[in-house]
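Residues per chain are reported as follows:
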Amino acid sequence: MGDIVKDLKFEQKGSLSRLEAADQLSALAEALRQGGNVELEFGSGTLSLQVPDEVSTEIEIEAGDGQVELEVELKWPTLQTEAAPSRTKRPARSRSKAARTS
């Protein structure tokens, strides 16, 4: 795992049956229960996350406009490991001709 997550945003929206939603939440709960490395399957891909032993939680329920919204949020700081490989930087781009001649 050595990479450190810097900026990542993943969002999935769709429609599921109540049982499918329960299965998705159960899979997340089981992954959290098993350990710090969580792999979540979404459609054709898998998202791997490293989760510490303690997380901040927020549960929000809103009702209005003919619908109920339930949000469950888990937050934790990104984990930094000393074994993380260093990333090689790309060489700087050369300026365009117009910028060099002015």
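Residues numbered from 1 in each chain as written. Predicted model: local features only at pLDDT ≥ 70, side-chain atom pairs only at ≥ 80, totals over all residues. Heavy atoms only, no water.

Phi at D65 is positive, roughly 55 degrees, even though this residue is not glycine. Its location among the elements puts D65 in the loop between β3 (56–64) and β4 (67–75). (Helix = DSSP H or I, 4+ residues; strand = E, 2+ residues; numbered from the N terminus.)

Moving on to the pattern of salt bridges. Scanning all chains against the criterion turns up three salt bridges. E30 is the salt-bridge partner of R33, the closest N and O atoms lying 3.3 Å from each other. Of the two residues, R33 and E30 are both situated in helix α1 (residues 18–34); the distance of three residues between them amounts to about one turn of the helix. You can call R33 exposed: its relative accessible area is 62%. Overall, the relative accessible area of 35% leaves E30 in the partly exposed class. One salt bridge connects E73 with K75, and the closest N-O pair in it is separated by 3.5 Å. Look at E73 and you get partly exposed, because its relative accessible area is 30%. (Salt bridge = Lys/Arg side-chain N within 4 Å of Asp/Glu carboxyl O. Buried < 20%, exposed > 50% of the residue type's maximum accessible area, 1.4 Å probe, protein only.)

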